[in-house]
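# Working through the structure, step by step
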Amino acid sequence: SAVISQKPSRDICQRGTSLTIQCQVDSQVTMMFWYRQQPGQSLTLIATANQGSEATYESGFVIDKFPISRPNLTFSTLTVSNMSPEDSSIYLCSVLVSYNEQFFGPGTRLTVL
Amino acid sequence: GESVGLHLPTLSVQEGDNSIINCAYSNSASDYFIWYKQESGKGPQFIIDIRSNMDKRQGQRVTVLLNKTVKHLSLQIAATQPGDSAVYFCAELQNAGNMLTFGGGTRLMVKP
């Protein structure tokens, strides 16, 4: 298994500002992912965080809006840039431990006013 | 806590009864399916999985059924307990990549 922590756990931000969310894993993992969960909705994959190279973004998500860093095998950050109220969501980090074991962090609850 | 499942379909059951949560998946090429449980204020937690070459798998108090003909997945929880109250998501994985695609989710409410 993997123990995943995220910082901050929640935040309330003003529109137009940016927030960087950190994800720390207690072991080295190859695959790390960032998901968004809008209020009352399911999870949507934002991107795969690649160590040593640019993240791979899913359709509808772009690097300028959601820049991602992955400096090593245990850490990643997701920035939500130039925020608007529509960005209010839970942002979740997840890691793939083996082919079929994907673990999720506790999430960061973002509210944009 | 956070109302993750505020707008999701809700299944309400009496404590001790069996629960059945259904999910329709989208991709016939998916070869692996997982059920996750998400409690309020937490990230999704793995419950049980099943490969596409199986039609049934049992765990402790939970059973997953897979019907590939109609692309349908179900989670059965026996003797449902108040601690089972959560939002349940199915997810599918294709062997072409490591990315999960999540279904819409169902909120399970257990009445004592």
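In what follows, the structure referred to is the one given above.
A brief structural summary.

Rules of the game
- Residues numbered from 1 in each chain as written.
- Chains lettered and ligands numbered in written order.
- Predicted model: local features only at pLDDT ≥ 70, side-chain atom pairs only at ≥ 80, totals over all residues.
- Heavy atoms only, no water.
- Pairing = 2+ DSSP bridges.
- Helix = DSSP H or I, 4+ residues; strand = E, 2+ residues; numbered from the N terminus.
- Axes fitted to C-alpha atoms, helices over the stretch in contact; angles between N-to-C directions.
- Buried < 20%, exposed > 50% of the residue type's maximum accessible area, 1.4 Å probe, protein only.
- Contact = heavy atoms within 4.5 Å.
- Buried area = accessible area lost by both parts, 1.4 Å probe.
- Salt bridge = Lys/Arg side-chain N within 4 Å of Asp/Glu carboxyl O.
- Polar contact = N/O pair within 3.5 Å; in protein donor to acceptor, adjacent residues only side chain to side chain.
- Nonpolar A, V, L, I, M, F, W, Y, C, P; charged D, E, K, R; others polar.
- Disulfide = S-S within 2.5 Å.

### Describing the sheet that holds strand E7 (residues 68-72) of chain A
All names here are of chain A.
- Here four strands make up an open sheet; going across it, the order is E1-E3-E8-E7 and the pairing antiparallel. Taken across any chain shown, the strands that pair with only one partner, and hence form the sheet edges, are strand E1 (4-7) and E7. For this sheet the average axis-to-axis angle between neighbouring strands, irrespective of direction, equals 15°.
- Where E1 lies against strand E3 (residues 19-25), four bridges are found, and the strand directions are antiparallel. Bridging from a neighbouring strand, Lys-7 pairs with Gln-22 of E3.

### Examining the pairing of strand E3 (residues 30-38) of chain B
All names here are of chain B.
- Within E3, nine of the nine residues are buried, which leaves the element mostly enclosed by the surrounding structure.
- Across eight bridges, the pairing between E3 and strand E8 (residues 86-94) is antiparallel. From the neighbouring strand, Ser-30 faces E8, where its bridge partner is Gln-94.
- For E3 and strand E4 (residues 45-51), the ladder comprises six bridges, and the chain directions are antiparallel. If you follow Tyr-32 over to E4, its bridge partner there is Arg-51.
- A loop of six residues connects E3 with E4, the two strands running antiparallel in sequence, and Gly-41 in this loop sits at a positive phi of about 80°.

### Describing the interface of chain A and chain B
- The partner chain B presents 27 residues to the 23 residues of chain A that form the contact.
- Summed over both sides, the interface of chain A with chain B buries roughly 1900 Å², with 54% coming from carbon and sulfur.
- Our count for the chain A to chain B interface comes out at zero salt bridges.
- Where chain A meets chain B, there are four residue pairs in polar contact (both at pLDDT 80 or more).
- Those elements that place two or more of their residues in the side of chain A that touches chain B are strand E4 (31-37), strand E5 (43-49), strand E9 (89-98) and strand E10 (101-104) of chain A.
- If you tally residues by element for the side of chain A that touches chain B, the top one is E4 of chain A, at four residues.
- Grouping the amino acids of the side of chain A that touches chain B by side-chain chemistry returns 12 nonpolar, eight polar and three charged.

### Let's talk about the environment of Tyr-25 of chain B
All names here are of chain B.
- Inspection of the secondary structure puts Tyr-25 in the loop between strand E2 (19-24) and E3.
- For Tyr-25, a relative accessible area of 8% corresponds to the buried category.
- In this structure, the C-alpha to C-alpha distance between Tyr-25 and Leu-108, residues 83 residues apart in sequence, is 19 Å.
- Look past the residues within four positions of Tyr-25 in its chain and what remains in contact with it is Phe-33, Leu-66, Asn-67, Lys-68, Lys-71, His-72 and Glu-92.

### Things to note about the state of the cysteines
- The final tally for this structure, using the stated rule, is two disulfides over all chains.
- Between the sulfur atoms of Cys-23 of chain B and its disulfide mate Cys-90 of chain B the distance is 1.6 Å. Of this pair, Cys-23 of chain B sits in strand E2 while Cys-90 of chain B is found in strand E8, placing the two residues 67 residues apart along the sequence.
- For Cys-23 of chain B, a relative accessible area of 8% gives the class buried.
- Left unpaired, Cys-13 of chain A is separated from the closest cysteine sulfur, that of Cys-23 of chain A, by 18 Å.

### Regarding the pattern of salt bridges
Residues and elements named next belong to chain B.
- The final tally for this structure, using the stated rule, is four salt bridges over all chains.
- Close ionic contact of Glu-39 with Lys-42 constitutes a salt bridge, the shortest N to O distance being 3.7 Å.
- Take Glu-39: its relative accessible area is 22%, and that puts it in the partly exposed class.
- In this structure Lys-42 comes out as partly exposed when scored by relative accessible area, which is 41%.

### Side note on the environment of Val-70 of chain B
- You can see Val-70 of chain B is positioned in the loop between strand E6 (62-67) and strand E7 (72-77).
- For the pair formed by Val-70 of chain B and Tyr-25 of chain B, sequence separation is 45 residues and the distance between their alpha carbons is 9.0 Å.

### Some remarks on the sheet that holds E2 of chain B
Residue and element names in this part refer to chain B.
- Across the sheet, four strands lie side by side as E2-E7-E6-E5; this open sheet has antiparallel pairing. One side of each edge strand has no neighbouring strand; the edge strands of this open sheet are E2 and strand E5 (56-58). This sheet shows a mean twist of 15° between the axes of neighbouring strands, independent of strand direction.
- One ladder, built from six bridges, connects E2 with E7; its direction is antiparallel. Considered in E7, the bridge of Ile-20 is made with Gln-76.

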